Amino acid sequence: MIYLDHAATSPMRPQARAAMEPFLGDTFGNPSGVHGVSRRAKNAVEEARERASAILGCSPGEIVFTGGGTESDNLAVKGRALLGGGGIVTTAVEHEAVLEAARFCERLGSKLAILEVDAQGRVDPDRVAGVAGDDTAIVSVMAANNETGVLQPLGEIRTAMSGRTALHTDAVQSFVSQSVDLAGLDLVSLSGHKLGGPKGVGLLYVREGVALEPLVHGGGQELGRRSGTLNVAGIVGMVAAMEAAVADRERFRSEVGAARDVFEAKLAGVTTPTLDTARLVQHSHLRFGGLRNETLLVLLDRVGIAASAGSACSSGAATVSHVLSAMGMTSAEARECLRFSFGWSSTVAEAEEAARRIVEVLERQSGS
Ligand code: PLP
């Protein structure tokens, strides 16, 4: 199988697996305990926290480990809005984890502004700054879109906002190929499994002094911001994957980017690129005129290519992508689009072979 669905999830990096191994066996303690068995687990978590903070350029106390990107987004959005009933400003192309959390808060009384985007899926920074007011508890704009890979103008947004309210970014898709600059950001979501780490673990960077209402109440772990026994193996694995991703970024950007470019070049005659703006090196979003993406995905699966139509997080639902709709595509146009996402294990040879198989599939379709 040629795996071109890394935006849905990436295979585990060997470094993450190796780091997790002891915590799936003998080092099984609950990090909240006081005895030696617990201490070993606690030390591992605290070392992972320090290493994650060194990567991000923050202090260890600013990291809250969570159960994944979805929970990190929920904690940011609900945690801010539920604190004092303040408003939420976000964009129409955010991941459902942000949009649905925001809609939930709206049902509880928060004012919600979902900003439109341009045909490339980018929000206007001045519009963000214009809509965010004194009663806004959080502005949430993703670093890069999970379906298209399009980068939001985060730098301009932070300048335009100039610290007026808490600014959150979902960097779940971007982190593997782009560093996050924390300047001007108050909250940042990351997820382990998009980096070659385990599923079901993530983190939220919370700038010191930024208050959050916890969502999960209980034993007060994570300084009361997220109760629950810590996922020791997951945390250690995710941080090992973060380190491996950072060490591999330069190669990733050139080699994985080259694989994506070769793939697109080889398909140039049979597809229409949907984007013409700054985007992640690992994403390819293509339109196959006259073909339904659901049909195409099945045909590609048969020839050993794993891709996806839109967000795999909600796969199974044959709904039209809210991202593409927000970009102004008609339902018919959106249904002709597929996402191919490359990752740390992708090669140029795979990209070439995938493109060759796709062309063959398309030729068979047009001949049938
Ligand atoms: N945010 C973005 C941009 C994503 O792409 C995803 C998953 O696809 C998530 C959040 C959710 O992350 P997780 O799968 O760790 O819950």
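Residues numbered from 1 in each chain as written. Predicted model: local features only at pLDDT ≥ 70, side-chain atom pairs only at ≥ 80, totals over all residues. Heavy atoms only, no water.

1. Focus: the packing of aromatic side chains
Then, in step 1: Summed over all chains, the structure comprises three aromatic pairs.
Then, in step 2: Centroid distance Phe263 to Phe342: 5.4 Å. Interplanar angle 70 degrees. Geometry classified as edge-to-face. Note that Phe263 is positioned in helix α7 (residues 232-266) and Phe342 in the loop between β12 (337-341) and α11 (348-367), a separation of 79 residues in sequence. Of the two residues examined, Phe263 and Phe342, each falls in the buried class.
Then, in step 3: Members of the aromatic cluster, connected to one another through ring pairs, are Phe263, Phe288, Phe340 and Phe342.
Then, in step 4: Taking NZ or CZ as reference, Lys78 lies 5.0 Å from the ring centre of Phe104, over its face.
Then, in step 5: Directly above the ring of Phe175 sits Arg249, whose terminal nitrogen or CZ lies 4.6 Å from the centroid. (Phe/Tyr/Trp six-rings, centres within 6.5 Å; stacked < 30°, edge-to-face > 60°. Helix = DSSP H or I, 4+ residues; strand = E, 2+ residues; numbered from the N terminus. Buried < 20%, exposed > 50% of the residue type's maximum accessible area, 1.4 Å probe, protein only. Lys NZ or Arg CZ within 6 Å of the ring centre and 35° of its normal.)

2. Focus on unusual backbone geometry
Then, in step 1: Even without being glycine, Ser162 reaches a positive phi, approximately 35 degrees.
Then, in step 2: Its location among the elements puts Ser162 in the loop between α6 (154-161) and β6 (166-170).
Then, in step 3: For Ser162, a relative accessible area of 53% gives the class exposed.
Then, in step 4: Its identity is not glycine, yet Leu223 carries a phi of approximately 55 degrees, on the positive side.
Then, in step 5: Residue position: Leu223 is located in the loop between β8 (202-206) and α7.

3. Considerations on the sheet that holds β12
Then, in step 1: Here we have three strands laid out as an open sheet, ordered β9-β10-β12, and antiparallel in their pairing. Taken across any chain shown, the strands that pair with only one partner, and hence form the sheet edges, are β9 (272-273) and β12.
Then, in step 2: Here β9 runs beside strand β10 (residues 283-287); their pairing, made up of two bridges, is antiparallel. Considered in β10, the bridge of Pro273 is made with Leu286. (Pairing = 2+ DSSP bridges.)

4. Notes on the sheet that holds strand β3 (residues 87-91)
Then, in step 1: Read from one edge to the other, the open sheet built from seven strands follows the order β2-β8-β7-β6-β5-β3-β4, with strand pairing classed as mixed. Edge strands, defined here as strands with exactly one partner in the open sheet, are β2 (63-66) and β4 (112-115). Strand after strand, the sheet turns through a mean of 20 degrees between neighbouring axes, direction not considered.
Then, in step 2: In the sheet, β6 pairs with strand β7 (residues 187-191) via three bridges, with the strands oriented parallel. Looking at β7, one finds that His168 is bridged to Leu187. (Axes fitted to C-alpha atoms, helices over the stretch in contact; angles between N-to-C directions.)

5. Observations concerning the side chain of Ser308
Then, in step 1: Topologically, Ser308 is positioned in the loop between β11 (305-306) and α9 (322-326).
Then, in step 2: Looking at Ser308, the relative accessible area reads 6%, which means it is buried.
Then, in step 3: With residues up to four places along the chain from it excluded, the contact list for Ser308 reads Asp5, Leu297, Leu338 and Arg339. (Contact = heavy atoms within 4.5 Å.)

6. A short note on the nonpolar core
Then, in step 1: One finds Leu56, Phe263 and Phe340 to be the most contacted residues of the largest nonpolar core, which totals 82 residues.
Then, in step 2: Among the elements that line this core, the one with the most residues is α7, at 13 residues.
Then, in step 3: Those residues in contact with Leu56, other than ones at most four positions away along the chain, are Ile63, Phe175, Val180, Leu182, Leu190, Leu203 and Met242. (Core = buried A, V, L, I, M, F, W, Y, C linked by side-chain atoms within 4.5 Å.)

7. Here's the deal with the pairing of β10
Then, in step 1: Most of β10 sits inside the fold, with four of its five residues counted as buried.
Then, in step 2: As paired strands, β10 and β12 are joined by five bridges and run antiparallel to one another. Paired with His283 across the two strands is Ser341, which belongs to β12.

8. Things to note about the side chain of His6
Then, in step 1: Assignment of secondary structure puts His6 in the loop between β1 (2-3) and α1 (14-20).
Then, in step 2: Sequence-distant contacts of His6, that is, excluding residues within four places in its chain, are made with Pro11, Ser341, Phe342, Gly343, Trp344, Ser345 and Ser346.

9. Examining the pattern of salt bridges
Then, in step 1: Scanning the entire structure with this criterion turns up 19 salt bridges.
Then, in step 2: We note a salt bridge from Arg103 to Glu100, for which the minimum N-O separation is 2.8 Å. Of the two residues, Arg103 and Glu100 are both situated in helix α4 (residues 96-107); the distance of three residues between them amounts to about one turn of the helix.
Then, in step 3: Given the relative accessible area of 31%, Arg103 is considered partly exposed.
Then, in step 4: Note on Glu100: relative accessible area 42%, which makes it partly exposed.
Then, in step 5: The network of salt bridges with shared partners includes Arg13, Asp248, Arg251 and Glu255. (Salt bridge = Lys/Arg side-chain N within 4 Å of Asp/Glu carboxyl O.)

10. Topic: the pairing of β12
Then, in step 1: Within β12, five of the five residues are buried, leaving the element largely enclosed by the surrounding structure.
Then, in step 2: Residues Cys337, Arg339 and Ser341 of β12 are buried on one face, and the alternating residues Leu338 and Phe340, pointing to the opposite face, are buried as well.

11. Looking at the environment of Arg251
Then, in step 1: In this fold, Arg251 is placed in helix α7.
Then, in step 2: Along the chain, Arg251 and His285 lie 34 residues apart, while their C-alpha atoms are 22 Å from each other.
Then, in step 3: Setting aside residues up to four positions removed in sequence, Arg251 forms contacts with Val256 and Trp344.

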